[in-house]
Every structure is written in structure tokens, then in C-alpha cells.
Amino acid sequence: MSQTTSNQEEFIEIFGAREHNLKNLDLKIPRNKLVVVTGLSGSGKSSLAFDTIYAEGQRRYMESFSAYARSFLGGLERPDVDKINGLSPVIAIEQKTTSKNPRSTVGTVTEIYDFMRLLYARAGEAFSYLTGKRMIRQTEDQIIEQLFSKFENKKLYILAPVVKGRKGHYRELFEQIRKMGFSKVRVDGVVMEMVPKMQVDRYKIHDIEIVVDRIVAEESDRFRITQSLKSALQHGKGVIMIRDEEGEIHHFSKYLMDPETGLSYDEPAPNNFSFNSPYGACPTCNGLGIIEEITRENIIPDPNLSITRGGIAPLGEYRDIWIFKKIEAILKHYKCSMSTPIKNLPEEVVEILLNGDKMEVAVDSVKYPGTKWHTTFEGILNFLQKYQEGGSDKIQQWVSEFTTTQVCPDCEGYRLKKESLNFKIDNKHIGQLAVMDISGLGEWFDNLEDRLTEKQNIIASEVLKEIRKRIGFLLDIGLDYLSLNRPLRTLSGGEAQRIRLATQIGTQLVGVLYILDEPSIGLHQRDNVKLIKALQNLRDLGNSVLVVEHDKDMMLESDFVLDMGPGAGRHGGHIVAAGNPKEVLKTSGTTAKYLLRELGLPIPKVRRDGKGKSLILKGASGNNLKNIDLKLPLGTMICVTGVSGSGKSTLIHETLFPLLSREFYRSKKEPMAFKSIDGLKELDKVIEVDQSPIGRTPRSNPATYTGVFSDIRTLFTELPEAKIRGYKPGRFSFNVKGGRCEDCEGAGMKLIEMDFLPDVHIPCETCKGKRYNRETLEVRFKGKSISDVLDMTVEQAVEFFENQPKILRKITTLNDVGLGYITLGQHATTLSGGEAQRVKLATELSKKDTGKTFYILDEPTTGLHFQDIDLLMLVLNRLVDKGNTVLIIEHNMDVIKMADYIIDLGPEGGNKGGNIVVEGTPEQVSKNQKSHTAKFLRLELNQ
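Attention in this report is confined to the structure presented alongside it. (Residues numbered from 1 in each chain as written. Predicted model: local features only at pLDDT ≥ 70, side-chain atom pairs only at ≥ 80, totals over all residues. Heavy atoms only, no water.)

**A word on the overall build of the protein chain**
Turning to step 1, where the next piece is worked out: Within the protein chain, the secondary structure is distributed over 34 helices and 32 strands.
Turning to step 2, where the next piece is worked out: The C-alpha extent of the protein chain, read off along each of the three principal axes, is 105 × 90 × 65 Å.
Turning to step 3, where the next piece is worked out: The 943 residues of the protein chain split such that 51% are buried.
Turning to step 4, where the next piece is worked out: The long-range share in the protein chain, meaning contacts at least 24 apart out of those at least 6 apart in sequence, stands at 67%.
Turning to step 5, where the next piece is worked out: Surface accessibility of the protein chain: about 44600 Å² in total, with carbon and sulfur atoms responsible for 50%.
Turning to step 6, where the next piece is worked out: In the protein chain, the 127 positive side-chain charges and the 126 negative ones have mean positions that sit 3 Å from each other. (Helix = DSSP H or I, 4+ residues; strand = E, 2+ residues; numbered from the N terminus. Buried < 20%, exposed > 50% of the residue type's maximum accessible area, 1.4 Å probe, protein only. Contact = heavy atoms within 4.5 Å. Areas by Shrake-Rupley, 256 points an atom, 1.4 Å probe, with all protein chains shown as cover. Lys, Arg positive; Asp, Glu negative; His and termini not counted. Charge placed at Lys NZ, Arg CZ, Asp CG, Glu CD.)

Below is the structure:
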């Protein structure tokens, strides 16, 4: 008995795993070890790690809830596995779960910002935003002492402020003051006697103080003066004003106050420093740091056009509609014409068109001819603003075409109210800390105690420990270049995953099974060491770590490697090798051969020098770029490399790509700052192949995305059976009525909305997931219905459609980029980022290229095994051989060594990056001593 117990404690035992393409696997995975699952794309790694082990762990966790709680959640499907022994609680750290919310930032997710808010609320020093002087608080006794020392034997008024800078007639307030027995008030600087039914101008802004007492500051009168001050502090809610003989006003307060101007702040609480709380958020931008402004330039992009010809962009060309009738009536009133170019219209008329006017104009009624409507015009800007705040998603999307994003002018992008930004520690406010990169922030927090007062140190000691611990985790996994206010949605999948990893290490849990999905994505070889160390630390705490990964270093540093294969899709699902790295290297599997360098593409003997023409971008200075000039030799394969945060995305995605899109496709996205670009006439189109999903619903799939599905539908329409029945191509579409199953409207599955879990899709009961009705499925080509075709893998489809050249061309490119294992109708939501990227690449490859195309790929090796990378490189080389230019942002050495030209950014990330460290052929780059990439490139080239 004890034998089996100890066995279960040492291993996770899986019996009969058949999820997706797994071939009834039985296996043992050691617990409390770092285990790497590797293999070709589609070999069943994720099916084993996520769809079997994680899904079963989740299900068991749900089972532990009460029956009442489970009734809200619905049951989770049991994965297709006989049984799993020795399973710990499971935490999956995936890439897909990044938040789209602009309010989620690196600081809020890692909790560093929450601790900083606490620090500032308890230990921050307040300064006045009017004079910049330190705010002071005084006790009642201190106020009394100051009064006697400052104003000895002087005549004084003691005033209690009750209204400060507000409109209103205040009739009830005056009545209340009179009933309390006070005879005088000071209104807007003038002392008045109280009279019944007293009131002030309702529409003006007023300051009102109660005159509590008139005194002479003599020691003999101390008791009376003390009582009056107490009464004044009570009525003034902790704030009083003293008016001396010269009419000067002096301010005193029990709370934080600027003694010069009387400005007072509320006692600080942590939510005063939160941009997600109304107590702390800047009211202008609601705590986002940016504002969407509808600008005149966007509404009138070309002042040479007249209103009739579409000079006002949101309205388009003249149509017989109400708003144009209003505009016509206004122009008529000012003796102007609709056909005059806007630049020739008087400025006041253009102002009225944009901002509206209270003046009524008469507009002819369409409904009742001969009558006129008298109406005012609200103005195009107000009209758009109204819809921006309260329209449907579609309308808001439309309005966004006329808006420009700008840094909020009030908080300067710091997201907080001006009061919150005037609490400081060591002369820095919390907003300045949030924009520092993590390495700079770590340095600032080092030895902070030496720069704090004794009282601040007592308050801050525990909070500082927590902050430093969390900053340390981020530095350990190579995220030193991020800042706390960086929105989570702007991070790559790998960065978001590593941030969640840092948060998990911070929780210090023990006995957990962590499952990670390619955490090395977007990580430079240099930082790989840090990541592996972080995972080993997680293991050493007493956890099991299971990583789905293709990285060579990770495999060699792990305790146990599980190699899936031997092929992809239906050819996969077996275990090719399992054991520690040394044992796996002795096997004859594909992975082992690549690790031993027995397989792999040879390094090119000669590098292409292109067409002799270059694209030259000068003076790029967005984000952290240091005014750099980029020279791209056309007709070559270019790799842009550099450590994470060195400026690669800013240079390529934020500057170069928007620039080229604007040139070729009139795209609206503004490129980041640059001076000039040269060589555009050598290109005729730009294509960016990124990892965003090919669709957000199960209706999108590789067949619809690549366009091959319309050719397949046409083929089915040509069949004799379809002609007899009179079927058109729409009959074979699952997106329109006619041939589809109407129960699930052709989706093949139904969406079950879970209350506080992700939505679940279940197969449609009527069509059993086939998407079509019975009549449509009766039309068959070579014995297969349209639904059977969607269920074929790409590999099967290549054989099936071998005599249909038009269809074959598109399907073959999918096969060429290593996607032979996915089905034509696979739901877009189930494709990984790397797979979605390759579907897009295949779509572009199947089009006729011009030889003047510029392709931009961002880490195309994501999710690819060594063998798949070889396939991908062959495909990309074919593109370059036809004269096109391929630019790849990449960290993978197998790709970098194959490039014709390398541009290495750096040398570090964040503020220490943004320069071009070295550029040239791989051989030239490898000789550079300052480049981190060069160090690893030397190892590759001198195999």
C-alpha cells in the first residue's frame, strides 16, 4: 500500500488519454520537476498539457464547489481520458488571456502600484498645487497659540467658511445661520448684517463665511477666544479664517492646508492615488491619461472641397436629408452657397457649422410641403460628441475615424487629479514613479530609507519590503524595460505571460502544478537564462512545472523532456521519447536530431545583396528610439533583432508599417515621429502578417479566411445533383439562410454564456456539428458532402482536390507552411497565435505576387518546432527569390543566421535601448563586441 502511495506522490500518472489526436496514451510525468513537452506543431502537446491535464484539474476544482455554486457554473466536460492519478491543483499561465481593458496596467496586475498607493497615502508629503509650498496641519491648541503670538492686542474677526466658490441663492442657509444666533456674515469679502429672507444672486459664484466673533487678542480674554475658535472650527468643518485690522485674511486648518492661499486637501487614502477610482482619477480623461479629441482637421480634411462635394467628411456628399437642409438654411441666411469651397466660406460660418448656434433657421418641411420648421443647429462637433459618448458600438467605431488620440492636457498623461500628483516622497509623485522603467524604479527604491524621515520609515518599512520583492521578480524574468503604467493590452503574448508568472512566483504557493504555454516567446536568448532560473525557483519551492516549449536551452536545462510526434495531426499523438535531456538525445526522434544538429537547414554560402535599391527611413524617434536612420536593402531577407524593449516594435509596427500603409492604402493610423522616407517607388504593396486571430467567432476558419471556401462552394454548385435541385453557391454557405442548419444558424455549435467563467461552445444537437441541413448534405463530390470537406485536414484535402488546380493552389500553400494537420473548417478561436499567423502567410502566398511586395512578419517562429521553422524558411526564401522583401522581427537564432541582412537594436531595453547597435550580414554582425545578439550568433555560425 505504502509503495503505491509513494509512487503516486512522485508521479502524475495518465491512463488512456484520447483528447483530439492523442492515441490512447499511458504515461508517467515526474512531480516537483521542470518538465518540457515538445514536438512538431500539431503533434498533441497542447492536447495533453491543456486539454487533458489542465481541463481535468479545472473539473476537479469545480467538483469541490457546493451543489448550489455548481448550479450557476454548469458542468465542465470530462476530458477524454480514463483516469489521472497524483494530480495537484493546476494553474495555467497561457498567452491568450491578456486583458483588452485600458485600465489594466503592469502596475495593477503585479500589485506593485497598489502597494505604492498605500505608501503615498500613509507616508507622502502634501504640497500646494497653487504655490508649491508644503501643506501643514494644525491642532486646535497650535491654532490658538499662533493667534496670540501673531496678532497680540489686535482687533480680529473669526470667520467660519461655509460656501466656497459655488453658485446659488442660499436663502435656506442664511435662515439656518440666523436661527443659530449669528448676527453677521461675510459675503464675497463684504461683512453684512443678517436680515430675514436674505439671499444672493443665484447665477454668480459666491464665498460665504459666518462671522463667529469679533475679538481683541488679549491673554485676559483667552477663555472666550478659545470657545469662539472651537465653534468656528465646528461650523467651518475644521477650517477657519482670521481677518485682521488691515483686512488681510489668514487661513488655519486642522487638515492639510496651504497657509498662504487657504487651499485644503482631504486626508489622503489609497484610492486618492488610483486612476480607477473617482476619488483619484483625473476628471478630464477619467484616469486614462489620453483623450479622444474630434478635431477640425479630421472633419474637414480637404478645405478645397465644397460641402456639396463632401467637404465635411462625416456627412459625405450632398443627399436630400434633414442635416443638409439645416446647413443649407444657415448658409442661405449668411448669403453663402453649398457649392463654395469651404476655404472660401467666412470663418464665422465655418465656426457655426462646427460648433452650432442658438439662432433659429427656417427649414422647408418635406412631410408638409409649403410649411417651414424653425430649428437650431447643434454643430457637427457636438453631434459627433453626442454619439461618441452614447451611440451603439458601430456608431462609436464610425465616430472614432474622426478622432485623434492626445495626451490629456490636465494630468499630462499621469492619469491622476492634480491634488494626488502633489503628494511627494523624496521629491517624486506617484505618477513619475509609474512612468519609470522597472530597472529605474528598482534603483529609486534601493536605500530609500536613507532619504526618508524617521516617522516615514516607521510607516513604510513593511510596504517597501513587498514592493521590492515584486520588483525583484520582474527583474528576474527580464522585464526590466517595462513601466508600471504600460497598459496590459499593449504587451505581447510572451510578456503578458511572464508578468503573470512573476505574480505567481510572488504568491509563494507550494504543491501546485503550473502549466505554461511557450513562456520564451518574445524573449532574447540573453534573457532566456533568467526565465529558466525563474521556473527552476518555482520548482524548488515545491511545485511541478510543465512547460510546452520549443526552446533548445529550456529543453537542455529541464529535468524531464516529453517529445510528442512523430508527425502532426493524425500522424501525431504518440510519445516519441521521454526521459531526462541526456536520455532523449540518445533517441532517434526528430527533436533529438535537431538538438544534435544532425538535421537543419545549411547556412547559406552567399548572402543576397538584393536589387541594389534601398528603403531609407530617417530620424525615427517614437517612444525610446534615439533619432535613428534605418536602411533596408530591398529584395533581401532582413532580420530586426535586439533584446526585449529595445524598440523593434516601435520602429517596425508603429513607424514603418503605418507609414507604408498610409502610402499604399490610405490607412488612417498615424506613424510615430520620423523625418523622411525614401525609396517608396520601388514597392507597390505592404503586407503585415501578425499573430492576431483570423476571426473572433467559430464562423471564421482557414477555408473562409484563405478564400478557398468560395471556390469549393462553386465546385459543389457545378455538380449534376446541385444543378437538378437548382442550388446556388449560397446554398453551401453556413453564414446565410437556405442550406445551413437553422438551429445553430450554421455555426455548428451553440454558445453557453457562463456567469463568471469564459463562455463555452457546445456542438449543436440538431446537425451534430455539421452546420448544414440534410438536403444540402445530400449533394456529394467524390462521395463527400460539403461538411465532410470542412472536416478534412489540409493534408487530406491536397490529395482530395488534386485535379482542381484553383482550389489546390490555395490548399497547397497551407500545407507548405506546415499546417497540414489543421482541418479546413477548424474554428478560428481554437487556432494558436502562431497558427493564425501561418494561415495569413499562406493566404498571402497563394495570391499572385508582384515582386515588389514588402512583407513584415513578427516572430513567425512562435509555436514552431525546429522542423516547422525549416519549412517556413523555405517558403520565405521562395518569396525573396521572386524579388520581394521580407522583414522579420525575430529572436530565434535558426532564423537570424539564415537572413541576408541583420539590424540589431539596443544595446539594452527601455531607456537604454533605441539605437542601432550594428547592421550588416550575419558574418559582419557576429564580429561586433557590444551586441548581445552577436554573442549568440557567433556560436551558431561556428558550429
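Still to come is the rest of the account.
**Some points on helix α34 (residues 932–941)**
Turning to step 1, where the next piece is worked out: Among the residues of α34, those classed as buried are Thr933, Ala934, Phe936, Leu937 and Glu940. Buried residues in α34, looked at end-on, bunch into an arc of 165 degrees, giving them a common side.
Turning to step 2, where the next piece is worked out: Residue Ser931 occupies the N-cap position of α34, its side-chain oxygen lying 3.2 Å from the main-chain nitrogen of Thr933. (Arc of directions from axis to C-beta. Polar contact = N/O pair within 3.5 Å; in protein donor to acceptor, adjacent residues only side chain to side chain.)

**Structural notes on a positive patch on the surface**
Turning to step 1, where the next piece is worked out: A contiguous patch of positive charge on the surface is contributed by Lys611, Lys613, Lys681 and Lys852.
Turning to step 2, where the next piece is worked out: Looking at the element boundaries, Lys681 is found in the loop between β25 (676–678) and β26 (685–689). (Patch = residues over 30% accessible without salt bridge, like charges linked within 9 Å, V, L, I, M, F, W, Y side chains within 5 Å. Salt bridge = Lys/Arg side-chain N within 4 Å of Asp/Glu carboxyl O.)

**Regarding the nonpolar core**
Turning to step 1, where the next piece is worked out: Ranked by size, the top nonpolar core spans 68 residues in total, and within it Ile712, Phe716, Phe801, Ile811 and Leu876 carry the most contacts.
Turning to step 2, where the next piece is worked out: Sorting elements by how many residues they give to this core places helix α31 (residues 866–881) first, with 7 residues.
Turning to step 3, where the next piece is worked out: Leave out the neighbours within four places in its chain, and Phe716 touches Ala722, Phe732, Val779, Arg780, Phe781, Lys784, Ser785, Ile786 and Val789. (Core = buried A, V, L, I, M, F, W, Y, C linked by side-chain atoms within 4.5 Å.)

**Things to note about the side chain of Thr110**
Turning to step 1, where the next piece is worked out: Residue placement: Thr110 occurs in helix α4 (residues 106–110).
Turning to step 2, where the next piece is worked out: At 3.5 Å, the side chain of Thr110 forms a polar contact with the backbone oxygen of Gly107.

**Concerning the pattern of salt bridges**
Turning to step 1, where the next piece is worked out: Under the defined criterion, the tally for this structure stands at 53 salt bridges.
Turning to step 2, where the next piece is worked out: Salt bridges linked by common partners bring Lys552, Arg597, Asp894, Lys897 and Glu940 together as one network.

**Side note on the packing of helix α29 (residues 805–816) against helix α30 (residues 833–846)**
Turning to step 1, where the next piece is worked out: Contact pair α29 / α30: the axes reach a minimum separation of 8 Å and the direction vectors enclose 140 degrees. Viewed along their axes, α29 and α30 adopt a mutual orientation that is oblique. Two packed elements cross with a definite hand, and for α29 against α30 that hand is right-handed. Taken together, the residues of α30 that come into contact with α29 (itself represented by Arg809, Lys810, Thr813 and Leu814) are Val839, Ala842, Leu845 and Ser846.
Turning to step 2, where the next piece is worked out: Looking at side-chain class alone, the contact of α29 with α30 contains 4 nonpolar, 2 polar and 2 charged residues. (Axes fitted to C-alpha atoms, helices over the stretch in contact; angles between N-to-C directions. Parallel < 35°, antiparallel > 145°, perpendicular 65-115°, else oblique. Left-handed = near helix turned anticlockwise from the far one by under 90°. Nonpolar A, V, L, I, M, F, W, Y, C, P; charged D, E, K, R; others polar.)

**Here's the deal with a nonpolar patch on the surface**
Turning to step 1, where the next piece is worked out: On the surface, Trp322, Tyr368 and Trp373 cluster together into a nonpolar patch covering about 360 Å² of accessible area.
Turning to step 2, where the next piece is worked out: Along the polypeptide, Trp373 turns up in strand β15 (residues 372–377).
Turning to step 3, where the next piece is worked out: When its relative accessible area of 44% is taken as the criterion, Trp373 is described as partly exposed.

**Comments concerning the packing of helix α17 (residues 493–507) against helix α18 (residues 525–540)**
Turning to step 1, where the next piece is worked out: The N-to-C vectors of α17 and α18 enclose an angle of 35 degrees; their axes lie 11 Å apart at closest approach. Crossing of α17 over α18 shows left-handed handedness. Two secondary-structure elements touch here, α17 through Arg498, Leu501 and Ile505 and α18 through Leu531, Ala534, Leu535 and Leu538.
Turning to step 2, where the next piece is worked out: Here the contact of α17 with α18 is composed, by residue class, of 6 nonpolar, no polar and 1 charged.

**Examining the environment of Arg214**
Turning to step 1, where the next piece is worked out: With respect to the helices and strands, the residue Arg214 is situated in strand β10 (residues 205–216).
Turning to step 2, where the next piece is worked out: The exposure class assigned to Arg214 is partly exposed, which follows from its relative accessible area of 48%.
Turning to step 3, where the next piece is worked out: For the pair Arg214 and Ile225, spaced 11 residues apart in sequence, the C-alpha to C-alpha distance is 9.3 Å.
Turning to step 4, where the next piece is worked out: Excluding its chain neighbours within four sequence positions, the residues that come into contact with Arg214 are Leu156, Tyr157, Lys184 and Arg224.

**Brief notes about the sheet that holds strand β7 (residues 155–167)**
Backbone-to-backbone hydrogen bonds join strands into a sheet, with any given pair of strands oriented parallel or antiparallel.
Turning to step 1, where the next piece is worked out: Strand order in the open sheet made by the 6 strands is β9-β8-β10-β7-β11-β12, with antiparallel pairing throughout. Single-partner strands in this sheet number two, and they are β9 (190–193) and β12 (249–253). Here the average twist between neighbouring strands, direction ignored, is 35 degrees.
Turning to step 2, where the next piece is worked out: Direction of pairing for β7 relative to β10: antiparallel, over a ladder of 11 bridges. For Tyr157, the partnering residue across the bridge sits in β10 and is Arg214. (Pairing = 2+ DSSP bridges.)

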